[in-house]
Amino acid sequence: MLWWVTLVVSAAWRRQVAREDAASAALEAAYPEAELGLRVRLGREAQGLAPGAVVRSTDPRLELTYGEFSIDGVRRCLEAAGLEEKEVRFADIGSGTGRIAAFAALRNPRWECRGYEISETLHAEALRRSAEIPNVRFERRDVLLDPPDLSDVDVVFAYATAFPAPEWSPDLGAPLLDNRWTRMLQVALRDNSRKCRVMITDRALDPAAGFVLDEVLDVPNRETAGSLVFIHTRED
Ligand SMILES: C[S@@+](CC[C@H](N)C(=O)[O-])C[C@H]1O[C@@H](n2cnc3c(N)ncnc32)[C@H](O)[C@@H]1O
């Protein structure tokens, strides 16, 4: 009996490793590491910043900072959610050129992935780069002005490290994501009756807004020398 269980588990593990390798190769084809500088430059143009420009910490354009979250970091978050074999709907809020939503789609062909991005330029780049990936789609949308309908979503991810977090929660030992973003998530998720995981980088969500902090993951992020990802569910 034990040998049979070992065989099944190791076959599943080999399948997962093969799938990860295939997803990484396909992601590198669509988003070559060598073109990271191009994508970052596009992000700075979209943000309205000249190369080398110095900005004050209160400049509202900081909210539009483009960066690419670590793939290993996202993989760790998705593994923690334990949704591997299921049909899952995944949304990246502030999807930039679409790399994270594309990765989630390539890694899980049964998942339906989507991204929402305010910048027309970055959105167009996401469409161009992900054109060959059938299970990902992108919308150009200012989510703060026009919150998306996330009623059918199982995982929400936001690389929110540059989003404002004016308050510190002594209870959570973490900065709280600004009210406008929290309110947007409340509206977007109000009809969601699934056990949706809301994953926010380097910011926690206010428990008073109905978000329960379940887990904090310390994951690699080369852009910030490491990130904490706050994983929430919503109060029933
Ligand atoms: C740090 S980037 C993350 C890109 C992508 N998620 C990744 O990790 O590769 C954050 C993105 O959020 C977008 N953003 C900022 N405010 C937004 C808003 N109100 N609506 C939609 N997108 C927004 C920015 O333009 C930027 O591309």
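Residues numbered from 1 in each chain as written. Predicted model: local features only at pLDDT ≥ 70, side-chain atom pairs only at ≥ 80, totals over all residues.

K.L.:
Teacher, can you tell me more about the UniProt feature "domain: Methyltransferase" (unreviewed entry) in the chain here?
P.N.:
UniProt records the feature "domain: Methyltransferase" (unreviewed entry) for residues 92–166 in the present numbering. Taken end to end, residues 92–166 comprises 25% helix and 23% strand; its first and last C-alpha atoms sit 23 Å apart. (UniProt positions renumbered as here; feature names shortened; annotations may be inferred. Helix = DSSP H or I, 4+ residues; strand = E, 2+ residues; numbered from the N terminus.)

K.L.:
Would you explain the pairing of strand S1 (residues 89–93) in this entry?
P.N.:
Burial analysis of S1 places four of its five residues in the buried class, which makes it a mostly covered element. In this structure, S1 lies alongside strand S2 (residues 112–117), joined through five bridges in parallel fashion. Bridging across to S2, Ile93 finds its partner in Tyr116. Running through helix H4 (residues 99–107), the crossover from S1 to the neighbouring parallel element S2 is right-handed. By the bridge criterion, three bridges tie S1 to strand S4 (residues 155–158) in an arrangement that is parallel. When the sheet's bridge partners are listed, Asp92 is paired in S4 with Phe157. (Buried ≥ 20, exposed ≤ 12 C-beta atoms within 10 Å, placed from the backbone. Pairing = 2+ DSSP bridges. Right-handed = clockwise from strand over helix to strand, strands pointing away.)

K.L.:
What's the story with the site of the ligand in this structure? I'm lost.
P.N.:
Taken together, 23 residues surround the ligand, and among them Glu68, Phe69, Gly94, Gly96 and Ile118 come closest. Contributions of two or more residues to the shell around the ligand are made by H4 and S2. Here the shell around the ligand is built from residues that sort into 11 nonpolar, six polar and six charged. (Near = placed C-beta within 6 Å. Nonpolar A, V, L, I, M, F, W, Y, C, P; charged D, E, K, R; others polar.)

K.L.:
Is there a simple way to think about the packing of helix H2 (residues 36–47) against helix H5 (residues 120–129) in this case?
P.N.:
Two numbers describe a pair of packed helices, the interaxial angle and the distance between the axes. Relative to each other, H2 and H5 sit at 150 degrees, their axes nearing to 8 Å. By the angle class used here, H2 and H5 are roughly antiparallel. Listed contacts from H5 to Leu42, Gly43, Glu45 and Ala46 of H2 are Thr121, Leu122 and Glu125. Among the residues forming the contact of H2 with H5, the class breakdown is three nonpolar, two polar and two charged. (Axes fitted to C-alpha atoms, helices over the stretch in contact; angles between N-to-C directions. Parallel < 35°, antiparallel > 145°, perpendicular 65-115°, else oblique. Contact = placed C-beta atoms within 7 Å.)

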